[in-house]
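Survey of secondary and tertiary structure
Letter by letter, the chains look like this.
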Amino acid sequence: MFPKNAWYVACTPDEIDGKPLGRKVCNEAMVIYRGPEGQVAALEDFCPHRGAPLSLGRCVNGKLVCGYHGLEMGCDGKTVAMPGQRVRGFPAIRTYPAVERHGFIWVWPGDAAKADPAQIHHLHWAENPEWAYGGGLYHIHCDYRLMIDNLMDLTHETYVHANSIGQKEIDEAAPTTKSEGDEVVTSRFMQGIIAPPFWQMALRGNGLPDDQPVDRWQICRFSPPSHVMIEVGVALAGHGGYEAPADKKASSIVVDFITPETETSIWYFWGMARHFKPEDAALTASIREGQGKIFSEDLEMLERQQKNLLAHPERNLLKLNIDAGGVQSRRVLERLLAAEQAAE
Amino acid sequence: MFPKNAWYVACTPDEIDGKPLGRKVCNEAMVIYRGPEGQVAALEDFCPHRGAPLSLGRCVNGKLVCGYHGLEMGCDGKTVAMPGQRVRGFPAIRTYPAVERHGFIWVWPGDAAKADPAQIHHLHWAENPEWAYGGGLYHIHCDYRLMIDNLMDLTHETYVHANSIGQKEIDEAAPTTKSEGDEVVTSRFMQGIIAPPFWQMALRGNGLPDDQPVDRWQICRFSPPSHVMIEVGVALAGHGGYEAPADKKASSIVVDFITPETETSIWYFWGMARHFKPEDAALTASIREGQGKIFSEDLEMLERQQKNLLAHPERNLLKLNIDAGGVQSRRVLERLLAAEQAAE
Amino acid sequence: MFPKNAWYVACTPDEIDGKPLGRKVCNEAMVIYRGPEGQVAALEDFCPHRGAPLSLGRCVNGKLVCGYHGLEMGCDGKTVAMPGQRVRGFPAIRTYPAVERHGFIWVWPGDAAKADPAQIHHLHWAENPEWAYGGGLYHIHCDYRLMIDNLMDLTHETYVHANSIGQKEIDEAAPTTKSEGDEVVTSRFMQGIIAPPFWQMALRGNGLPDDQPVDRWQICRFSPPSHVMIEVGVALAGHGGYEAPADKKASSIVVDFITPETETSIWYFWGMARHFKPEDAALTASIREGQGKIFSEDLEMLERQQKNLLAHPERNLLKLNIDAGGVQSRRVLERLLAAEQAAE
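Residues numbered from 1 in each chain as written. Chains lettered and ligands numbered in written order. Predicted model: local features only at pLDDT ≥ 70, side-chain atom pairs only at ≥ 80, totals over all residues. Heavy atoms only, no water.

Thoughts on the side chain of Thr12(A)
Residue and element names in this part refer to chain A.
- As for its position among the elements, Thr-12 is in the loop between β1 (8-11) and β2 (21-25).
- Since its relative accessible area comes to 18%, Thr-12 is described here as buried.
- Here the side chain of Thr-12 touches Asp-14 through a polar contact of 2.6 Å, side chain to side chain.
- Ignoring anything within four residues of it in the chain, the contact list for Thr-12 reads Phe-104, Ile-105 and Phe-269. (Helix = DSSP H or I, 4+ residues; strand = E, 2+ residues; numbered from the N terminus. Buried < 20%, exposed > 50% of the residue type's maximum accessible area, 1.4 Å probe, protein only. Polar contact = N/O pair within 3.5 Å; in protein donor to acceptor, adjacent residues only side chain to side chain. Contact = heavy atoms within 4.5 Å.)

Shown next, in the form of structure tokens:
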């Protein structure tokens, strides 16, 4: 149902600050922590001694010490030591490829031999000082593909987020969708509209008037396994819209990493990368708070939709033009899953 | 297990005041709301677009607007409109016969072709200004038949409701039970007793002394699928009991609509229709509060009884004379269920 | 999975003080209460009338009165009376042998014909005024054998209870384990160490210095079905350790009765019997509070270990020297279970 030979965001660096983290990714229960040189490591969350979760233990000088009886586990899944024991014969536990990059910890829950860090999704803004980033994490009980659908069809903003980023003009501007290899792009452009509240705040944040007609854009880019980057912004009308100069617009990238926990639950890493006033920490906090509130509005809808679909597995859902982004993304996933199964 | 070709109370009017309500009745997940002329409608709670529950949406001019992407649903289960879409080919969703009557919203979860509003249980007091009504709703995890049993055997009052309506004399007065067609009636009469606290309050509410011997009656009337109306009251002794003139008694009808949600859960609509001082709103509120407290005392017992029965499905329960009301009610239900299955 | 022909601690006397208690022991749902002469009784928690749990009822002069319709149950599982009913033909419910002894209520969930109160675990300290006892009860979602393992391998103290009774020297002192019939004993002795915080408090409680080198011992005694008594203590170094005179040591027995509720949950009765200052109630309370806190630290570990094992039923756990106590205890249990099955 989800590709396992893929890089997923497992957590953020602050989640493993000085202590191990237990997290299930694609049905694999992992313990994630920093090893001796500070590098990240991901192992099965299962102590070979008595099955205790290693994530309840501690990190001591880069060794993971089981919180039950003190077994010391190495980053390679081999027991380093245990008080009073010879550990050479202890069975190793599974390791998962893990890499820290672009401000996230990435793991590969599938066949380790196929893991190539070069394939980790590139975030051009992540180490660029002209950009600022703020984000958060939600746990949601839904199939990860329902969240991809959600993000690839932003007409829901008018209904789910009516008081922040929704506006009637979204419905009226038909989106266009195209696939390029494994990437799917759905774009929508609106011209000469009044910015909704969230974008009025962003305009003010960038020192621009918030009551003038603007051009607005939404360019949703899906890339497998489940990343959706959305270029969003507004520019004062008559300055070129998406192409307008930086001092005439407020633009950002909505960052969404959707990590399947199980078939019906996800870790949803959301955030916004901003290309204006990157040094303004108060603005980052304000945007983060607003976005966190907006994205929390999707939770109940997605969880209830999931329950409805589980109760009616036989129903065929509609695939309208607005759904093309989700539909084409699912096709990419099916292709990858078929290839993964063929290789096995 | 429960007849589906029957009228059940689904909700009260205040529950759909200005917004749709999601409610499961006999395993059918419905959205209930008011259409363009204010008439009630009940549909599958499933948007044909992407399966979102329509009950998370809004009512706009009698149209049900899906809260996810704005599909507008009509009372006939056909999509009226959707922003930017031609909706003619959209699949219809199921509709359920729904009628507002006697202060309740009634739905028919079974074969719509067989639904006849004339069969809705008649409540003679409901539109009679000489009567007042107050009630509430509880959700209980038990088979709806356990609640029928409960209400058709009021000897439980002595034990479950010892401090309000229970009294030893109930145990001592053997009930009589008879069936008339699909109706089952269990009656109990007590003479020359002291009224228990709830009825002392009712006597005072009707301007009568609360410390005189009274005659008390309980006449429980089951009618399918799961309505139990209980005539209850006390009259000052020596004035004819049940037949006493209005100024010598305090009498009411306990109103119970037991709507199966699933095989092991119910929506329990309880209330009291009162034939004295109907204009006294404070008395209505006081009785409602007292009754709500009393009926909440049944919850734990019924839920724990249900768990015990699920753990011991092989056990045969006793069928004593006091159980005759429940036993005969179940027979009516079995007959209806057999007829329903034969017709299929 | 657990022997049923065995005496288990079901509850403490205060839990049935004036009212019946519902408790499941080895998958048997029981109601436990005091009969006419104050003797304890344990019955199926199932009223023969309509299946209500008798534990929701009341005790009236040693009779158990069902809280639903007033059936009066006797200690022999036979209905004594019911208002307005002849009860002679009522089916009896199952009774379980039950005995009050040593400050606990013991029940036998298996074949009553085999129950011999002489086999109840003897607690020599329980009625000895030179000893004081304090304890508590935890409900934990784990296989009872995981708690036996926990208590028969105290190396976990260093990690789970690092701030109270744990210390590095535990790891360094290899335990020895031996079986004697059905009893398994794991012993560990440490010499010339500094007492950890809990034992410093105990030393002070016994009027001894808390900063001198001490000898420490832990002697864990498993006896079936699931009792673990642990002799623990510290003596000022050079006075004979375990054999030191009473005024040179602080010693106790950690008392653990592990009663299976289901295959994956337990009632854990923990406590400490103390052989010094028995009259000091404040010390009893202080030790009880400290021990309660310490034992609560095991809960999350055991519940999470249980989940891990359920997710990986195929895994073979390691059986190190420190695990010998648990391993040998399980062998005793397997022997008893095999004998129980052979007898059936």
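Structural notes on the packing of aromatic side chains
- All told, the structure shown has 36 aromatic pairs over all chains when counted by the stated rule.
- An angle of 5° between the planes, with centres 6.0 Å apart, marks the rings of Tyr268(B) and Phe295(B) as stacked. You can see Tyr268(B) sitting in strand β18 (residues 265-274) and its partner Phe295(B) sitting in helix α5 (residues 281-311), a full 27 residues away along the chain. Pair check on accessibility: Tyr268(B) and Phe295(B) agree, each one buried.
- Ring plane angle 65° and centroid distance 5.4 Å describe the contact between Trp7(C) and Trp108(C), whose orientation is recorded as edge-to-face. In this pair, Trp7(C) is assigned in the segment before β1 (8-11) and Trp108(C) in the loop between β11 (104-107) and β12 (132-140), connecting sequence segments 101 residues apart.
- The buried category is assigned to Trp108(C), whose relative accessible area is 2%.
- Clustering of aromatic rings is evident, with ring pairs tying together Phe104(A), Trp106(A), Trp125(A), Tyr133(A) and Phe257(A).
- We note Arg23(B) situated over the ring of Trp267(B); from NZ or CZ to the ring centre the distance is 4.2 Å.
- Taking the ring centre of Phe46(C) as reference, the NZ or CZ of Arg315(B) above it sits at 4.7 Å. (Phe/Tyr/Trp six-rings, centres within 6.5 Å; stacked < 30°, edge-to-face > 60°. Lys NZ or Arg CZ within 6 Å of the ring centre and 35° of its normal.)

Comments concerning the relation of the copies chain B and chain C
- Mapping chain B onto chain C leaves a residual RMSD of 0.0 Å; the transformation is a rotation of 120° accompanied by 0.1 Å of translation along its axis. Taken together, the rotation and translation describe the operation of a three-fold axis. When C-alpha distances to the rotation axis are compared across chain B, the minimum falls at His141(B), with a value of 14 Å. (Least-squares fit on C-alpha atoms with pLDDT ≥ 70 in both.)

Focus: the interface of chain B and chain C
- Facing the 27 residues of chain B at the interface are 22 residues of chain C.
- For the chain B and chain C pair, buried surface summed over both sides reaches about 2,200 Å², with 57% attributable to carbon and sulfur atoms.
- Its largest share of buried area at the contact with chain C, chain B owes to Tyr159(B), Met301(B) and Leu318(B), together 30% of the area lost on that side.
- Counting across the chain B and chain C interface gives 2 salt bridges.
- The shortest N-O distance in the salt bridge between Arg315(B) and Glu44(C) comes to 2.5 Å.
- Counting only elements with at least two residues in the side of chain B that touches chain C, the list comes to α1 (144-152), α2 (157-160), α3 (168-172) and α5 of chain B. (Buried area = accessible area lost by both parts, 1.4 Å probe. Salt bridge = Lys/Arg side-chain N within 4 Å of Asp/Glu carboxyl O.)

As for the domain arrangement of chain A
Residue and element names in this part refer to chain A.
- Considered domain by domain, chain A is made up of domain 1 (8-119) and domain 2 (126-342).
- Counting residues at the interface gives 14 residues for domain 1 and 16 residues for domain 2.
- Of the roughly 1,200 Å² buried between domain 1 and domain 2 on both sides combined, carbon and sulfur atoms contribute 65%.
- When the area that domain 1 buries against domain 2 is broken down by residue, the three leading residues are Tyr-8, Val-9 and Phe-104, summing to 40%.
- Across the contact surface, domain 1 and domain 2 share 0 salt bridges.
- The tally of links from domain 1 across to domain 2 stands at 6 residue pairs in polar contact (both at pLDDT 80 or more).
- The set of elements that each furnish at least two residues to the side of domain 1 that touches domain 2 consists of β1, β2 and β11 (104-107). (Domains from an automatic or database assignment.)

A closer look at the interface of chain A and chain B
- With 27 residues of chain A at the interface, the matching set in chain B holds 22 residues.
- Both sides together, the interface formed by chain A and chain B hides about 2,200 Å², and carbon and sulfur atoms give 57% of it.
- Together, Tyr159(A), Met301(A) and Leu318(A) form the three largest contributors to the area buried by chain A at its contact with chain B, with a combined 30%.
- Inspection of the chain A/chain B interface yields 2 salt bridges.
- Arg50(B) is the partner of Asp149(A) in a salt bridge, and the nearest nitrogen-oxygen pair spans 3.0 Å.
- The tally of links between chain A and chain B comes to 11 residue pairs in polar contact (both at pLDDT 80 or more).
- Elements represented by at least two residues in the side of chain A that touches chain B include exactly α1 (144-152), α2 (157-160), α3 (168-172) and α5 (281-311) of chain A.
- Looking at the side of chain A that touches chain B, the element that brings in the most residues is α5(A), giving 7 residues.

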